[in-house]
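Per-entry structural report
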Amino acid sequence: MCSIKLASLYSTLFEIGVVKFGHFTLKSGLQAPVYVDLRLLVSHPDLLEAFATEVWNTLKRGGIEYDIVCGVPYAALPLATCVSVRFNVPMVIRRKEAKGYGTKKLIEGDYKQGQRCIIVEDVVTSGASIWETVELLTAEGLTITDAVVLMNREQGATKNLKDLGITLHSVCHLTECMKALHQLGKIDAETVYKVTKFLEINNETKIPTHKAVTSCKERKILSFKERASLCQHPLTKRIFGIMEEKKTNLCVAADVTFCAKLLEIAETVGPHICVLKIHADILEDFNSEFPEKLKDVAKKHNFVIFEDRKFADIGHTVYMQYTKGIHTIVEWADIIDCHPLPGPGILEGLKQAGIKKGRGCLLIAQMSTKGNLVPANYPEATAHFADHHRDFVIGFIGQSRLIPDPTFINFTPGIKLEESSDSLGQQYVTPQEAIQNRGADVIIVGRGITDANDPQATAAEYKKAGFDAYSQLL
Ligand code: 5IU
């Protein structure tokens, strides 16, 4: 049973639309019967102050000592600011992205190494955002053992954070809020039942793996050589072997429309790459001799061929797309990729043709494009999928490492030496960002090299940037 004061706060939250009941799609893609939007608090300064006081009281009751507070950006910043001002506790601000100019700081404000910092959050589901903030502040030398949240949705955050060494203190719990609203006659028993069932079923939301692993900078990673020795799939072994031998983690995307041009690029960048990625269906003069010529260049410079076909149909259809038509992809492409969206059938179909030829497949887990519709829990499901098809799946294409498993290769497209974008939604990060902060093994670079004045010298530059970024992690 909550205090009268909290009950009246819950009632106000309901009145102003912070807590809503109905049908909602959460950030994770999950359908939920309840939604909590604490960003609305900024329109009610008295309520914001009342909750800031409750945050303070919760920490005081827990006997927590701290030197500074930090809100999880952006929704919790007003709450943290209010705690800071009202109770005279210094605050720091965590930036979401480092500034592109000036000091490139990730944290604003004055702080000293070893100071104890409390993370303030508005609402938690898995605790992933709190953990991300903890990792960043810890890397900057602050000590974090506790976090405080205004509304705990009771969907796994407390346990997830405890497992990572962080104690989560909650001002309000969603079930308690809901019960108070029922007692006050604001919601009916059916709503209480629906929400209770939803929370029971979804009480173990996990922090996505790429967020749960400590950032690569602090982790000792295995070398490509060590990883080659651990791999069962011959193709993965071979690719890691090439990466080690040629000292390259560069894949060039040769998106050109004539065979001769493609072969010229392959010849030019060949010495600097481990993989050449192509789109056979954009070649206007594709013919049966082309694959043989490409295979010769690949053999000469020791790289593998990746047909970026992005299969996405039912098993029977992808089998035919892979083996028939004018491209007969299975005959020449060492690597192909597919969307896991259709389910296991797509891999079963591709495997029927690919396994006996020693081919491998990358699963597309995330995309580099602005506004893409890949839901937050998709990468997790993709990793699970890969785990069950290790005889054919050799890794992933994504924007961050999905699982720490060293026998899968992580490819990341959307790479340029300068962070930028194109006019059609492509978003670029640097080789260093992709490899050191997002866990990429192989960087995919297209126009950054193919449109350069001197593709060979530029490929060498990307190769060096990529391999240096990897070497610094060893
Ligand atoms: N590619 C992406 N983003 C993705 C996926 C694939 O850019 O999320 I999955 C492909 C498209 C293109 C290459 O062939 O990688 C990148 O080329 P540029 O570096 O020219 O943007």
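Computed from a prediction, not measured in an experiment: that's the story for all the values here. (Residues numbered from 1 in each chain as written. Predicted model: local features only at pLDDT ≥ 70, side-chain atom pairs only at ≥ 80, totals over all residues. Heavy atoms only, no water.)

Okay, the confidence of the model for the protein chain next. Do not read the predicted coordinates in detail wherever pLDDT is low. Here the protein chain shows a mean pLDDT of 91. Residues at 70 or above account for 94%. Segment residues 212-219: pLDDT under 50, and 19 contacts once partners within four positions in sequence are set aside and those in other chains are kept. (pLDDT = per-residue confidence, 0-100. Contact = heavy atoms within 4.5 Å.)

Right, let's get into unusual backbone geometry. The phi angle of most residues is negative, glycine excepted, and most peptide bonds adopt the trans form. Backbone torsion omega between P73 and Y74 reads -10 degrees, so that peptide bond is classified as cis. A positive phi angle, near 45 degrees, is found at K310, a position not held by glycine. Mapped onto the elements of the fold, K310 is located in strand 11 (residues 304-311). Positive phi is not limited to glycine here, since T328 has a value of about 35 degrees. Following the sequence through the fold, T328 ends up in the loop between helix 13 (315-323) and strand 12 (335-338). (Helix = DSSP H or I, 4+ residues; strand = E, 2+ residues; numbered from the N terminus.)

Take the pairing of strand 7 (residues 146-152) next. Among the seven residues in strand 7, seven count as buried, and that is most of the element. Bridge analysis of strand 6 (residues 117-124) against strand 7 gives five bridges, and the strand direction is parallel. Note that in strand 7 the partner of V120 across the bridge is V148. This β-α-β element, strand 6 to helix 4 (residues 128-139) to strand 7, shows right-handed connectivity. Strand direction decides the pairing type here: strand 7 and strand 8 (residues 167-173), joined by six bridges, are parallel. The partner of V148 across the bridge, within strand 8, is H169. The parallel pair strand 7 and strand 8, bridged by helix 5 (residues 157-163), forms a crossover whose chirality is right-handed. (Buried < 20%, exposed > 50% of the residue type's maximum accessible area, 1.4 Å probe, protein only. Pairing = 2+ DSSP bridges. Right-handed = clockwise from strand over helix to strand, strands pointing away.)

A separate point is the packing of helix 11 (residues 259-269) against helix 12 (residues 289-301). Two elements in contact, helix 11 and helix 12, have axes whose closest approach is 10 Å; the angle formed by their N-to-C orientations is 5 degrees. With respect to their mutual orientation, helix 11 and helix 12 come out roughly parallel. For the pair helix 11 and helix 12, contact is made by C259, L262, L263, A266 and E267 and by F290, K293, L294, V297, K300 and H301, respectively. (Axes fitted to C-alpha atoms, helices over the stretch in contact; angles between N-to-C directions. Parallel < 35°, antiparallel > 145°, perpendicular 65-115°, else oblique.)

Turning to the sheet that holds strand 9 (residues 250-254), a few remarks are in order. If you trace the eight strands once around the closed barrel, you get 9-10-11-12-13-14-15-18, paired in parallel fashion. In this sheet, neighbouring strand axes are inclined to one another by 30 degrees on average, regardless of whether the strands run parallel or antiparallel.

Attention now goes to the side chain of D441. Mapped onto the elements of the fold, D441 is located in the loop between helix 16 (431-437) and strand 18 (442-445). Residue classification places D441 among the buried positions, given a relative accessible area of 3%. Setting aside residues up to four positions removed in sequence, D441 forms contacts with F224, R227, M243, N249, R401, F408, I409 and N410.

Turning our attention to the UniProt feature "domain: Orotidine 5'-phosphate decarboxylase" (unreviewed entry) in the protein chain. Mapped onto the present numbering, the UniProt feature "domain: Orotidine 5'-phosphate decarboxylase" (unreviewed entry) falls on residues 249-462. End C-alpha atoms of residues 249-462 are separated by 9 Å, and the span's content is 34% helix alongside 20% strand. (UniProt positions renumbered as here; feature names shortened; annotations may be inferred.)

Another point: the pattern of salt bridges. Following the criterion strictly, the structure yields 26 salt bridges and no others. Between K295 and E292 there is a salt bridge; the shortest N-O distance is 3.5 Å. Taken together, the residues span about one helical turn, with K295 and E292 both in helix 12 at a distance of three residues. Judged by its relative accessible area of 46%, E292 is partly exposed. Where D468 meets K464, a salt bridge forms, and the shortest distance between an N and an O atom there is 2.6 Å. Here K464 and D468 lie together in helix 18 (residues 455-471), a separation of four residues that amounts to about one turn. (Salt bridge = Lys/Arg side-chain N within 4 Å of Asp/Glu carboxyl O.)

This next bit is on the site of the ligand. Around the ligand lies a shell of 15 residues, among which D255, K277, S368, Q426 and Y428 are the nearest. One of the side-chain N or O atoms of D255 is found 2.7 Å from an oxygen atom in the ligand. R447 places a main-chain nitrogen or oxygen 2.7 Å from an oxygen atom of the ligand. Protein coverage of the free-state accessible area of the ligand, which is 500 Å², stands at 92%. Here the shell around the ligand is built from residues that sort into six nonpolar, four polar and five charged. (Near = heavy atom within 4 Å. Polar contact = N/O pair within 3.5 Å; in protein donor to acceptor, adjacent residues only side chain to side chain. Areas by Shrake-Rupley, 256 points an atom, 1.4 Å probe, with all protein chains shown as cover. Nonpolar A, V, L, I, M, F, W, Y, C, P; charged D, E, K, R; others polar.)

As a further point, take the packing of helix 13 against helix 14 (residues 344-354). Between helix 13 and helix 14, the least distance of the axes is 7 Å, while the angle of their chain directions is 35 degrees. As helix 13 packs across helix 14, the resulting crossing turns out to be right-handed. Along the contact surface, helix 13 presents G315, V318, Y319, Y322 and T323, while helix 14 presents G345, I346, G349, L350, Q352, A353 and G354. Split into classes, the residues belonging to the contact of helix 13 with helix 14 amount to six nonpolar, six polar and no charged. (Left-handed = near helix turned anticlockwise from the far one by under 90°.)

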